[in-house]
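Coordinate analysis (summary)
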Amino acid sequence: MKITLAFALSILVLISGCSSTPVSNRSALILVPFSQEVSLGEKSYDEILGKEKLSTDKDLTAVVERVGLRIARVSDMPKLKWEVSLIESDQQNAFALPGGKIAVYTGLIPVCENEAGLAAVLAHEVAHVIARHGAQRMSNDLIMDTALIGAAVGVGTSENSKLILGALGLGAYYGISLPYSRAHEAEADEIGLTYMAEAGYDPDEAERFWKRFSAKKSGAQAPEFLSTHPSDATRINKIRKLLPNARSKYKSAKTQYGLGEKL
């Protein structure tokens, strides 16, 4: 039986489930059971923390946990087993794993400057978890792998099949994978801005944080079409457009912390 790309994709679509992402209301194709997603996230988190050095600054760790849990409580999955860790490292980075596992590197704290700046980071990471971006990426990889297998059968024994598949793989990577990741980042910005505002942190600090983060970078930056993240200018412009709605959420917040404690 000859398997075509269209056939392979149609089978996956038939057996898949679609869901709607909170806040952004975007449709998401997810093939991974939630329980499996959470299990993978927990195992990966334990492995990472086993290799990294946690910060010994108890006061700063307490602030990171406090801000993270405030945001988690207003999220659409408040009952997840949320964990927020502070890792001792010069990296200006943070990450989120399925199941509510989040970590921030101490190198990013000076850029945050205050609790609201930290909230912008943590809300963005919480948003990745809520939107199930990890499961979406795994589902996307599964679709791409199946599509490439179907294409391999389709090209048969042609002498140029390896070249064709190589081009297809390259096309799939730059045409699907990277824009897909950029879409996730933009969506996490949108959801995160809402969450930080609802948690009582001034959403205007999100724009200021990303401006500070951009100013810290040195050297030439990769073109946006070759990056998994939106360019800083693109990100800041989109956040600016979302701020009016976020300000409204902030005004309605039960408690308003403003910029919070200076870090």
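No experiment lies behind these values; they were computed from the predicted model shown. (Residues numbered from 1 in each chain as written. Predicted model: local features only at pLDDT ≥ 70, side-chain atom pairs only at ≥ 80, totals over all residues. Heavy atoms only, no water.)

1. A short note on the overall build of the protein chain
Each helix and strand counted, the protein chain has 9 helices and 5 strands in total. Across the 263 residues of the protein chain, 46% fall into the buried class. Long-range contacts, defined here as pairs at least 24 residues apart, represent 73% of the contacts in the protein chain between residues at least 6 apart. (Helix = DSSP H or I, 4+ residues; strand = E, 2+ residues; numbered from the N terminus. Buried < 20%, exposed > 50% of the residue type's maximum accessible area, 1.4 Å probe, protein only. Contact = heavy atoms within 4.5 Å.)

2. What about the sheet that holds strand S3 (residues 83-87)?
Strands in a sheet are paired, the pairing made by backbone hydrogen bonds, and the direction either parallel or antiparallel. Strands sit in the order S3-S5-S4 across an open sheet of 3 strands; the sheet is mixed. Each edge of the sheet is formed by a strand with only one pairing partner; in this case those strands are S3 and strand S4 (94-97). This sheet shows a mean twist of 15° between the axes of neighbouring strands, independent of strand direction. Helix-sheet contacts for helix H2 (residues 34-51) involve S3, S4 and strand S5 (101-105), and the interaxial angle to S4 is about 145°. Here helix H5 (residues 115-130) sits on the sheet and contacts S3, S4 and S5; the angle it forms with S4, its principal contact strand, is near 25°. (Pairing = 2+ DSSP bridges. Axes fitted to C-alpha atoms, helices over the stretch in contact; angles between N-to-C directions.)

3. Topic: the packing of helix H3 (residues 58-74) against H5
Viewed as axis vectors pointing N to C, H3 and H5 meet at an angle of 55°, and their least axial separation amounts to 9 Å. Classified by the angle their axes make, H3 and H5 are oblique. Of the two elements, H3 crosses H5, and the hand of that crossing is right-handed. For the pair H3 and H5, the contacting residues are Val63, Val64, Arg66, Val67, Gly68, Arg70 and Ile71 in the first and Glu115, Leu118, Ala119, Leu122, Ala123 and Val126 in the second. Residue composition of the contact of H3 with H5, by class: 9 nonpolar, 1 polar and 3 charged. (Parallel < 35°, antiparallel > 145°, perpendicular 65-115°, else oblique. Left-handed = near helix turned anticlockwise from the far one by under 90°. Nonpolar A, V, L, I, M, F, W, Y, C, P; charged D, E, K, R; others polar.)

4. Concerning unusual backbone geometry
Leave glycine aside and you will find that most residues have negative phi; peptide bonds, for their part, are mostly trans. For Glu113, which is not glycine, the phi torsion reads 70° and is therefore positive. Among the structural elements, Glu113 can be located in the loop between helix H4 (109-112) and H5. The backbone of Arg132 sits at a positive phi, close to 55°, despite the residue not being glycine. Its location among the elements puts Arg132 in the loop between H5 and helix H6 (133-155).

5. A closer look at the environment of Glu207
Looking at the secondary structure, you find Glu207 in helix H8 (residues 204-216). Look at Glu207 and you get buried, because its relative accessible area is 11%. As a C-alpha pair, Glu207 and Lys238 span 31 residues in sequence and 9.5 Å in three-dimensional space. Excluding its chain neighbours within four sequence positions, the residues that come into contact with Glu207 are Ile236, Ile239, Arg240 and Leu243.

6. Notes on the pattern of salt bridges
It is possible for side chains bearing opposite charge to pair when their charged atoms get close. Counted by the stated rule, this structure contains 15 salt bridges. In this structure, Arg132 and Glu37 form a salt bridge, with 2.6 Å as the shortest nitrogen-oxygen distance. Of this pair, Arg132 sits in the loop between H5 and H6 while Glu37 sits in helix H2; the two residues are 95 residues apart in sequence, bridging distant segments of the chain. You'll find Arg132 and Glu37 in the same group, each marked buried. Two residues, Lys101 and Glu83, come together in a salt bridge whose shortest N-O distance is 2.8 Å. With Lys101 in strand S5 and Glu83 in strand S3, the pair connects residues that are 18 residues apart, well separated along the chain. Judged by its relative accessible area of 36%, Glu83 falls in the partly exposed class. Residues participating in the shared-partner salt-bridge network are Glu113, Asp202, Glu205, Arg208 and Arg212. (Salt bridge = Lys/Arg side-chain N within 4 Å of Asp/Glu carboxyl O.)

Without other data, these values stay purely geometric and don't point to any function.
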